[in-house]
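Descriptive structure summary
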Amino acid sequence: MSQPLFTVATITYNSSKWVRETIESVLSSRYADFEYIISDDCSTDDTWKIISEYKDPRIRAWKNESNIGEYPNRQKVLERATGKYILYIDGDDILYKGTLRNYAEYLEYFPDADGVWGIPYHNRAIFPYLYRPLEMTRLVYLGSCNIPYIGFSESLFRIEAVNALGGIPLDYTTGDTCLKKKFCCRYNVLVVPMGNAYWRVRENQASDKIRSGLTGFLENYRTDKELLFSNDILLKGDELILARNNFRARTVKLLVSKTVMKFRFHLFFKMKNRTGLKIKDFCSLLTRIKEPYSYNNIPDPPLKNDYNFIPGQPGKISH
């Protein structure tokens, strides 16, 4: 049996209200060369009963014996995946019909791509554009790039590359952001127009709780510090100095805005100790952050390749 190009992965927990649409959207894909793994994290509602109704041969599904949590569940799927690339479409998401076919076409045209990520429009590049690790590192740390913060449903990964990074980060509540930052600073990422899946925004989501608190702040600090002060960072010389200065300035300004400006002084001192910031670091409040690779700093001409300018497309995709 040949290796499928894609593993589509759905993790579920009490998703009975939406999971039927999720499954049917994946099975309705216009591209057929994929396996579909569904891992239910010991739901207490009818989620598993609904999943069990589907007998499509592309599906491999199981219900965990106990609730192991979101990112361990993602890692469990990753370890059992047999595809070349993995896409997470969770139990309340919908995969658009043409997405896998589009991804297959992109990968045929850009075989060096280790990831295909949907992002919002920006002026620096004509999509699709293949960012090399140094280019992406500059965007993330010398610009105002939000690419790593866009969720899994818009993010295709080469499984071999994720495994080489150690798999899914398990000790983060924002493991997707941590993974994407580490991934794009090491591997080639093809950026394409966002809108490859529908994801629900609803009350009491974990992401809302993270944004409203300081967990995301601390975890981003931890990831950025690890990357910017590692021996593997691709930035050198003045660019590295600027990136580290920007990191300190952003950290200080964000901490102050989330604590002191909201009269949460006890949290300020707690977070100051957690981050190891020194009094001298707070001089960064007066520092103007420099972003030579911001979206507003547009190259002329914009970054591009010949994908959009050759009549016709590869036309070799048969699935």
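Let us look at the structure shown here.

Overview of the state of the cysteines
- For the structure on display, the rule yields 0 disulfides.
- Free cysteine C178: the closest other cysteine sulfur is in C185, separated by 11 Å.
- We classify C178 as buried; its relative accessible area is 2%.

Concerning the pairing of strand β4 (residues 85–88)
- A two-sided burial pattern is seen for β4, the buried positions comprising Y85 and L87 on one face and I86 and Y88 on the other.
- Examined bridge by bridge, β4 and strand β8 (residues 155–158) share 3 bridges and lie antiparallel to one another. Residue pairing in the sheet places L87 in a bridge with L156 of β8.

Concerning the nonpolar core
- Core analysis: the biggest nonpolar cluster contains 46 residues, and I86, M136, I147 and V191 have the highest contact counts within it.
- The leading source of residues in this core is helix α5 (residues 133–141), at 4 residues.
- The residues contacting I147, other than those within four sequence positions of it, are W117, I119, M136, L139, K180, V191 and Y295.
- Residues I38, I59, L87 and V192 belong to the second largest nonpolar core, which totals 33 residues.

Here we look at the sheet that holds β4
- The strand order across the open sheet built from 8 strands is β3-β2-β1-β4-β8-β6-β9-β7, with neighbouring strands paired in mixed fashion. In this open sheet, the two strands that pair with only one neighbour each are β3 (59–63) and β7 (129–131). In this sheet, neighbouring strand axes are inclined to one another by 25° on average, regardless of whether the strands run parallel or antiparallel.
- Contacts between helix α1 (residues 19–27) and the sheet are confined to β1 (6–12), β2 (34–40) and β3, with β2 contributing the most and set at about 165° to the helix.
- Packed onto the sheet, α5 meets β7 and β9 (189–193) and runs at close to 85° relative to β7.

Things to note about unusual backbone geometry
- Looking along the chain, the bond that leaves F127 and enters P128 is cis, with omega of -10°.
- The omega torsion across D300 and P301 is 0°, close enough to zero to call that bond cis.
- Positionally, P301 belongs in the segment after α11 (265–275).
- If you check the backbone angles, C42 has positive phi at about 60° while not being a glycine.
- Mapped onto the fold, C42 is located in the loop between β2 and α2 (47–51).
- Here F263, not a glycine, exhibits a phi torsion of approximately 60°, which is positive.
- Structurally, F263 is set in the loop between α10 (237–258) and α11.
- For F263, a relative accessible area of 66% gives the class exposed.

Points about the pattern of salt bridges
- Counted according to the given criterion, the structure contains 14 salt bridges.
- A salt bridge links D114 to R158; the nearest nitrogen and oxygen atoms lie 2.7 Å apart. With D114 in the loop between α4 (99–109) and β6 (115–119) and R158 in strand β8, the pair connects residues that are 44 residues apart, well separated along the chain. Taken individually, D114 and R158 each receive the classification buried, so the pair is uniform in this respect.
- For D224, the salt bridge goes to K181, with nearest N and O atoms at 2.8 Å. Taken together, the positions of D224 in helix α9 (residues 215–228) and K181 in helix α7 (residues 175–184) put the pair 43 residues apart, joining distant regions of the chain. This pair shows no difference in class: D224 is buried, exactly as K181 is.
- Taken together, the shared-partner salt bridges connect E70, R74 and D90 into one network.

Regarding the packing of α9 against α11
- Closest axis-to-axis distance for the α9/α11 pair is 11 Å, and the angle between their directions is 20°. Overall, the two elements α9 and α11 adopt an arrangement that is roughly parallel. Crossing of α9 over α11 shows right-handed handedness. Contact residues: α9 offers F217, L218, Y221 and K225, while α11 offers M271, R274 and T275.
- A per-class count over the contact of α9 with α11 returns 4 nonpolar, 1 polar and 2 charged.

Scoring rules and cut-offs
- Residues numbered from 1 in each chain as written.
- Predicted model: local features only at pLDDT ≥ 70, side-chain atom pairs only at ≥ 80, totals over all residues.
- Heavy atoms only, no water.
- Disulfide = S-S within 2.5 Å.
- Buried < 20%, exposed > 50% of the residue type's maximum accessible area, 1.4 Å probe, protein only.
- Helix = DSSP H or I, 4+ residues; strand = E, 2+ residues; numbered from the N terminus.
- Pairing = 2+ DSSP bridges.
- Core = buried A, V, L, I, M, F, W, Y, C linked by side-chain atoms within 4.5 Å.
- Contact = heavy atoms within 4.5 Å.
- Axes fitted to C-alpha atoms, helices over the stretch in contact; angles between N-to-C directions.
- Salt bridge = Lys/Arg side-chain N within 4 Å of Asp/Glu carboxyl O.
- Parallel < 35°, antiparallel > 145°, perpendicular 65-115°, else oblique.
- Left-handed = near helix turned anticlockwise from the far one by under 90°.
- Nonpolar A, V, L, I, M, F, W, Y, C, P; charged D, E, K, R; others polar.

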